[in-house]
Amino acid sequence: MKILVVGGGGREHAIIWKLLQNKNITDIHCAPGNGGINDVAKCVDIKATDIDGILQYAKKEKFDLVIVAPDDPLYMGMVDRLQSEGIRAFGPTASAAEIEGSKVYAKRLMKKYDIPTADYEVFADYNKAVLYVETCKLPTVVKADGLALGKGVIICETGEEALAALNDIMVKKVFGDAGNSVIIEEFIEGPEVSILSFCDGKTILPMESAQDHKRIFDGDKGPNTGGMGTFCPSPKYTGDVKAEVEETIIKRTLHALNSEGRPFRGIIFFGIMLTKDGPKLLEYNARFGDPEAQVVLPRLKNDLLSVIDAVIAGRLCDIELEWDDKSAVCIVMASGGYPGKYNKGIVINGLDSVKEAIVFHAGTAAKDGKYVTNGGRVLGISALGADMAEARKKAYAEAALISFEGAQYRKDIGIK
C-alpha cells in the first residue's frame, strides 16, 4: 500500500512511525517532511498548504491514501479537493474543520448546543474590545479567532497585558488575518486534559487522555508555544470525569456537528479544563495534537491504518481501541529564542546515543550527512515506562544525551 502524509512536524513523524508497523504499507511519502522523516519515508518539497501541488503529486503517484495531518490545509479544504478528484483522503472537510479554524464559530457552537465552556465575548472592532477589557474581570484570556500555530491564546493577569494583547492581535496583526476578530474569555482554572478521538460522523472513539504543557518555561511561565511536552495518561482523568466528559462534551459535539450539517470524519481533539464546577471545553482541534500524538500513538496497540480505514468507511463502530498499560512522556527540545526569533541550521549532536526513547523529529533538516535545526520546536523525545515516574526518568535521561547550541526544554514535564 502506498500512502502520502501531508505535513512536516513531530506529529507527522509519529503518524508515519505508527503506520510503518503495518507490513502491508510498502511505500510512504511525506510532503514536505523533515530530516528525521526522510530516513523512513520519501520526502517531497511541497508545502503542506499547497493544495494544487499536493493534488498533482497525488495524481502522479497514484496513492492509495492521503493523510492530511496539519490544521491549515484541513481548514483550507485540502480533503474536499482531494475527494472531489477521486483521491482517498483522511481528515475532515473544510466545513467540519471550522471548529478549529474559527474559535468564534467553535464557541458559538458550544453555546448553542449546551456544551460547557467559559463565558466569552466576541469583538471585531478594536475600540470596542478595548472598552470591554477596561472593565472586565481579571485575569482574562484573549484569543485570536483563527489559526495561530497554537500561540494565539494569551492569558492576561492585568488590564495592561490585555490591552497589549489586543494591540498585538488586532492592530499589529502578529497572527495575520487570524486576528481580525478576538474572543475575550472568562479565565477558568484547573488541570487541563487533551482527549484525541477518532470520528466517522456517526461514532466517536476517544483515545487515552494526555496533558500538554503550552508555556515555554517551567512552572507554566512565559508565552504560549505549540507545546513543550506532554504525558499520557492523565491521572486526573478518572472514570467519573471521563463519563461526564463523554456525556456533556463529546456526545454533544457529535450531535452539534451533525445537526449543523457538518459531519466530521477524522480526528477531533478536545482541549478540556477540569474546573471546580466540572469539565469545561477550552477548544477543538480538527487533527492529532502535537505533541499529544507523540505519547498517545506509542501506547495505541491497534493498527493505525485499520482504524483510519474504518473512519473513512463509516464503520468505526466495529473497532475497539486497545492500549498499552505503560505510561508515556514526551520532552520537546526547542531552539533558543523560541517562541520568538531563533536561528536555524545548527548541528544536532547525540541522536545516535538514544536507545531508551523514540526521537520524533519536528523542526529538523538533513545537511551534509548531519541533522540541523530547522524550526522552533526541534525534537520530541518520547519514552514509555511502567509508570509516569519511570517514563519521565527515561525521557529526561535520553534528552540529556542530545545537544545543539541554544537548546531549551522544560524540566517539569510529567510532574504535575
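In this text, all values refer to a predicted model and were calculated from it rather than measured experimentally.

Chemist: Please explain the packing of helix α5 (residues 94-101) against helix α6 (residues 103-112) as it appears in this structure.
Modeler: Relative to each other, α5 and α6 sit at 95°, their axes nearing to 6 Å. Here α5 lies roughly perpendicular to α6, going by the angle between them. Contacts from Glu98, Ile99, Glu100 and Gly101 in α5 reach Lys103, Tyr105, Ala106 and Leu109 in α6. By residue class, the composition of the contact of α5 with α6 is 4 nonpolar, 1 polar and 3 charged.

Chemist: Could you clarify how one ought to interpret the packing of helix α7 (residues 126-133) against helix α8 (residues 159-171) in this entry?
Modeler: To characterise two packed helices, one gives the angle between the axes of the helices and the distance between these axes. In contact at an axis separation of 10 Å, α7 and α8 are set at 165° when each is read in the N-to-C sense. As judged from the angle between their axes, α7 and α8 are roughly antiparallel. Regarding α7 and α8, the two cross each other, and that crossing is right-handed. Taking contact as the criterion, the partners of Tyr126, Ala129, Val130 and Val133 in α7 are, on α8, Ala162, Leu163, Leu166, Asn167, Met170 and Val171. The residue makeup of the contact of α7 with α8, split by class, is 9 nonpolar, 1 polar and no charged.

Chemist: What am I meant to see in the packing of aromatic side chains here?
Modeler: The geometry of an aromatic ring pair is captured by two quantities: the separation of the ring centres and the angle between the planes. Tallying each qualifying case throughout the model produces 7 aromatic pairs. A ring pair is formed by Phe198 and Phe288, whose centres lie 6.2 Å apart and whose planes are at 90°; its orientation type is edge-to-face. Here the residue Phe198 occupies a position in strand β10 (residues 192-200), and Phe288 occupies one in the loop between β16 (278-285) and α10 (293-296), the gap between them amounting to 90 residues. This pair shows no difference in class: Phe198 is buried, exactly as Phe288 is. For the ring pair Tyr338 and Tyr342, a centre distance of 6.4 Å and an interplane angle of 65° mean the geometry is edge-to-face. For Tyr342, a relative accessible area of 29% puts it in the partly exposed group. Sitting over the ring of Tyr409, Lys411 keeps its end group 4.4 Å from the ring centre.

Reading guide: rules and limits
- Residues numbered from 1 in each chain as written.
- Predicted model: local features only at pLDDT ≥ 70, side-chain atom pairs only at ≥ 80, totals over all residues.
- Heavy atoms only, no water.
- Axes fitted to C-alpha atoms, helices over the stretch in contact; angles between N-to-C directions.
- Helix = DSSP H or I, 4+ residues; strand = E, 2+ residues; numbered from the N terminus.
- Parallel < 35°, antiparallel > 145°, perpendicular 65-115°, else oblique.
- Contact = heavy atoms within 4.5 Å.
- Nonpolar A, V, L, I, M, F, W, Y, C, P; charged D, E, K, R; others polar.
- Left-handed = near helix turned anticlockwise from the far one by under 90°.
- Phe/Tyr/Trp six-rings, centres within 6.5 Å; stacked < 30°, edge-to-face > 60°.
- Buried < 20%, exposed > 50% of the residue type's maximum accessible area, 1.4 Å probe, protein only.
- Lys NZ or Arg CZ within 6 Å of the ring centre and 35° of its normal.

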